[in-house]
Amino acid sequence: MTRVDDTGPLWPPSSRPRAVDVLGVGQNALDRIGRVERHPRKGEKQMLLDSRDRPGGQVATAVLACARLGLRCTYVGRIGDDDAGRAALAPLRAAGVDLSGVRRISGVPSQTAMILVDRNDGDRTILWHRAPELQLDRADLRRDTIEAARALLLDAGDPEAGAWAAGVARAAGVPVILDADHYAPDLDELLRGIDFPLVSRGFADSFSENGSIPETLQRLVRGGARLAAVTLGDRGFVALTGDRWIEEPAVAVAVRDTTGAGDAFHGGFAWGLLQGFGARQTLRAANAVAALNCRAEGAQGGLPARREVEEVLALR
Ligand SMILES: Nc1ncnc2c1ncn2[C@@H]1O[C@H](COP(=O)(O)OP(=O)(O)OP(=O)(O)O)[C@@H](O)[C@H]1O
Ligand SMILES: [Mg+2]
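Criteria and cut-off values
- Residues numbered from 1 in each chain as written.
- Chains lettered and ligands numbered in written order.
- Predicted model: local features only at pLDDT ≥ 70, side-chain atom pairs only at ≥ 80, totals over all residues.
- Heavy atoms only, no water.
- Helix = DSSP H or I, 4+ residues; strand = E, 2+ residues; numbered from the N terminus.
- Buried < 20%, exposed > 50% of the residue type's maximum accessible area, 1.4 Å probe, protein only.
- Lys, Arg positive; Asp, Glu negative; His and termini not counted.
- Salt bridge = Lys/Arg side-chain N within 4 Å of Asp/Glu carboxyl O.
- Polar contact = N/O pair within 3.5 Å; in protein donor to acceptor, adjacent residues only side chain to side chain.
- Near = heavy atom within 4 Å.
- Areas by Shrake-Rupley, 256 points an atom, 1.4 Å probe, with all protein chains shown as cover.
- Nonpolar A, V, L, I, M, F, W, Y, C, P; charged D, E, K, R; others polar.
- Pairing = 2+ DSSP bridges.
- Axes fitted to C-alpha atoms, helices over the stretch in contact; angles between N-to-C directions.
- Contact = heavy atoms within 4.5 Å.

Some remarks on the side chain of R18
Counting through the fold element by element, R18 comes out in the segment before β1 (20–25). The buried charged residue R18 lacks any salt bridge partner; its closest oppositely charged side chain belongs to E147, at an N-O distance of 7.4 Å. Of note is the side chain of R18, whose polar atom sits 2.9 Å from the backbone oxygen of E147. Within polar-contact distance, the side chain of R18 engages the backbone oxygen of A172 at 2.9 Å.

This is the structure we're talking about:
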């Protein structure tokens, strides 16, 4: 791989043997993806070019990215008792992810989303629905499952359960990665327990005075993050670790659908971290996995094999 300016691993490998590489706790969904010539205006009638159901969800997609890269993964989340939930988990099951901690809630619909994708640049608009009964609570989580993992991946959909899980992970020396699209004060406790908050532009908009990315990153690092990053879609990412700024443009690919790019970024980051990469190389792995995932339709359509990521890392 090409030389990078990292001095050592972003997260030193633990001496304790662990049964699982990545534990993901959070959302899964079945996305209905419709492609359009361009995003509609309010009140407009427009033809869909095509429309298909595709599995997605932030943590489920990130975990699948890790499994495709060869990591041993466990996923914990809730589904309803319906076909949508079964379809949302099918790729994880096929990839050998441990789903024994998934809880099925009867009488509740599984999480779904309606997504419009612009056929020209792959930009997406997401409308999602999650029944309140799908929110995880502590009883869904087991301390020993968290302690058995080498890394914990969370999203912001279950702030209370997530904060508890992050606390258990921290006490056991397990690094915690968070995906958050928006900030609200009910995330404060969760944020305090996160080593690697990797947030989107929308989070920065609501977290800092004027949507300032530097301020967002500085606040997260001052709050205890080992490294914080804001993802910027086709403009790549900006990150801060200690007082070191790291930024890279997005990896150029033939983009078909950017749905799930952020989710894949988190999976790629977890993979890089567990390879023992330094800060920049870990972020580059995330950037590569995210871009490669944009090559095909659906949140999980383009998730790469390890060899494909290594090719991108060697080239740049
Ligand atoms: N058009 C693109 N080309 C290449 N890479 C992209 C593109 N769009 C996104 N990415 C990659 O995906 C990462 C995350 O994208 P983005 O910031 O849009 O995430 P997000 O807002 O969380 O969206 P989502 O979670 O719905 O995918 C970017 O930092 C970049 O690495
Ligand atoms: Mg996202």
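With respect to the site of ligand 1
The full set close to ligand 1 counts 22 residues, and R124, T231, G236, G262 and N287 are the nearest of them. Contact distances for ligand 1 include 3.4 Å between an oxygen atom and a side-chain N or O atom of D181. Residue T231 places a side-chain N or O atom 2.7 Å away from an oxygen atom belonging to ligand 1. Here ligand 1 loses 88% of its free accessible area of 620 Å² to cover by the protein chains. Listed by contribution, the elements that provide at least two residues to the shell around ligand 1 are β8 (124–129), α8 (261–274) and α9 (279–293). Of the residues forming the shell around ligand 1, the biggest block, four residues, is contributed by α8. Partitioning the shell around ligand 1 into residue classes produces ten nonpolar, eight polar and four charged.

Considerations on the sheet that holds strand β3 (residues 50–56)
Ordered by their spatial adjacency, four strands build an open sheet running β3-β2-β7-β8, and the pairing between neighbours is mixed. Each having just a single partner strand, β3 and β8 make up the two edges of the open sheet. Strand-to-strand twist across the sheet, computed as the mean angle between neighbouring axes with direction ignored, equals 20 degrees. Here strand β7 (residues 112–118) pairs with β8 via six bridges, running antiparallel. Residue pairing in the sheet places T112 in a bridge with H129 of β8. Running over the sheet, helix α2 (residues 83–94) touches β2 (29–36), β3 and β7 and is turned about 85 degrees from β2.

Section: the sheet that holds strand β11 (residues 196–200)
Spatial ordering of the open sheet is given by β4-β1-β9-β10-β11-β12-β13-β14, a layout of eight strands whose pairing is mixed. Strands at the two margins of the open sheet, each flanked by one partner only, are β4 (73–76) and β14 (244–248). Across the sheet, the mean angle separating the axes of adjacent strands is 15 degrees when strand polarity is ignored. For β1 and β4, the ladder comprises four bridges, and the chain directions are parallel. Bridging from a neighbouring strand, G24 pairs with Y75 of β4. Running at roughly 150 degrees to strand β12 (residues 228–231), helix α7 (residues 213–222) makes contact with β11, β12, β13 (237–241) and β14 of the sheet.

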